[in-house]
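# Coordinates in review
In case you want the letters, here they are:
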Amino acid sequence: MKNENEKYDVSRETFDLLKAYEASLREWQNKFNLVSNSSLEDAWNRHFLDSLQLLKYIPETASSLCDFGSGAGFPGMVIAVALKEKTPYLKVVLVESIKKKTLYLNEVKKITGVKAEIINDRIENLPRQKFDVITSRAMTSLDKLLEYSFRFCKKETLCIFPKGKSFQAEIDEAKKKWRFDCTIEDSEQSEEGKILIISNLSKCKGVKNA
């Protein structure tokens with residue numbers, strides 16, 4: 001059986017950084033409510049491996065990634081740490097509106113040495129710019145995620161969104177306002193979970209500018 005670092009194609013050094021990240025999460029959880037206490041008991045599987053499974057969907061040619069609603073860094077900070085050695089040219093931007101969580105993200109940045117940009121603001125307030133990849137986990141509905149994403153998408157942008165058992169209903173609702181291609185992949189960490197990989201995002205006719 002492969003070691004976990006080999007399974008996700010990260011070096012032993014990167015794996016050790018992720019374990020240091022996990023240890024810091026447990027320490028900071030005592031100060032701030034970063035994740036649910038129930039998920040903290042199995043944080044490695046529930047948060048870290050759940051984030052690492054997204055790596056295989058990120059194109060090697062991607063040079064920029066934006067993570068919406070990063071929280072304690074899942075999946076954006078985990079991705080930044082995992083790709084630090086392999087693709088050091090990847091610009092990672094983490095957007096989180098809650099100040100105490102951005103304080104924690106900056107602590108993880110120090111611990112791991114990643115060059116991620118951490119923004120304490122609401123997504124709606126960000127200046128328009130384009131990213132190769134957009135990620136977000138457990139932040140809001142797919143319809144709302146696509147509304148947030150639209151200003152930051154170019155034709156080739158991939159949006160990678162883990163979702164739960166209501167994924168199909170969310171897709172159906174989103175298609176009332178948006179046109180997009182969607183590949184649905186099974187989650188490795190949840191029997192009911194899916195990973196939506198969305199591209200070619202555009203508004204349906206008659207929908208006001210996002």
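Residues numbered from 1 in each chain as written. Predicted model: local features only at pLDDT ≥ 70, side-chain atom pairs only at ≥ 80, totals over all residues. Heavy atoms only, no water.

In this approach, a probe sized like a water molecule rolls over the atoms, and the result shows the empty space that is left. The computed volume of the largest pocket comes to approximately 710 Å³. Taken together, 30 residues line the largest pocket, and the ones lying closest to its centre are R46, H47, D50, R137 and A138. Ranked by the residues each element gives to the lining of the largest pocket, the list is headed by helix α4 (residues 43-52), at 4 residues. (1 Å grid on protein atoms, 1.4 Å probe; cavity = no way out; pocket = protein on both sides within 12 Å on 5 of 7 lines; lining within 4 Å. Points joined across faces, edges and corners; volume = space filled by probe spheres on them. Helix = DSSP H or I, 4+ residues; strand = E, 2+ residues; numbered from the N terminus.)

One broad rule of soluble globular proteins: the nonpolar side chains tend to lie buried together. Within the largest apolar cluster, 43 residues are counted, with the highest numbers of intra-cluster contacts made by Y21, L25 and M77. Look past the residues within four positions of Y21 in its chain and what remains in contact with it is F48, A72, G73, F74, M77, V78, Y104 and V108. Counting residues in hydrophobic clusters, the runner-up holds 26 residues, among them V95, F131, L146 and C159. (Core = buried A, V, L, I, M, F, W, Y, C linked by side-chain atoms within 4.5 Å. Buried < 20%, exposed > 50% of the residue type's maximum accessible area, 1.4 Å probe, protein only. Contact = heavy atoms within 4.5 Å.)

This part is about the sheet that holds strand β7 (residues 194-203). An order of β3-β2-β1-β4-β5-β7-β6 is seen for the 7 strands of this open sheet, with the pairing classed as mixed. Two strands bound the open sheet, and with one partner strand each, they are β3 (117-120) and β6 (178-186). Averaged over all pairs of adjacent strands, the angle between strand axes in this sheet comes to 20°, irrespective of strand direction. In this sheet, strand β4 (residues 131-136) lies alongside strand β1 (residues 64-68) in parallel orientation, the contact comprising 4 bridges. The partner of F68 across the bridge, within β4, is S136. Where helix α7 (residues 142-150) meets the sheet, it contacts β1, β4, β5 (153-163), β6 and β7, and its direction lies at approximately 150° from that of β5. Of the strands in this sheet, β5, β6 and β7 touch helix α8 (residues 167-174), which is tilted by about 170° from β6. (Pairing = 2+ DSSP bridges. Axes fitted to C-alpha atoms, helices over the stretch in contact; angles between N-to-C directions.)

Moving on to the side chain of T135. As for its position among the elements, T135 is in strand β4. Leave out the neighbours within four places in its chain, and T135 touches L65, C66, D67, F68, P75, I79, I160 and F161.

Below, the discussion takes up the packing of aromatic side chains. Under the criterion given, the structure shown has 11 aromatic pairs. Between W44 and F48, the aromatic rings sit 5.3 Å apart at their centres with planes inclined by 20°, giving stacked as the arrangement. Here W44 and its partner F48 are both found in helix α4, 4 residues apart, which amounts to about one turn of the helix. In this structure, W44 and F48 share a single accessibility class: buried. (Phe/Tyr/Trp six-rings, centres within 6.5 Å; stacked < 30°, edge-to-face > 60°.)

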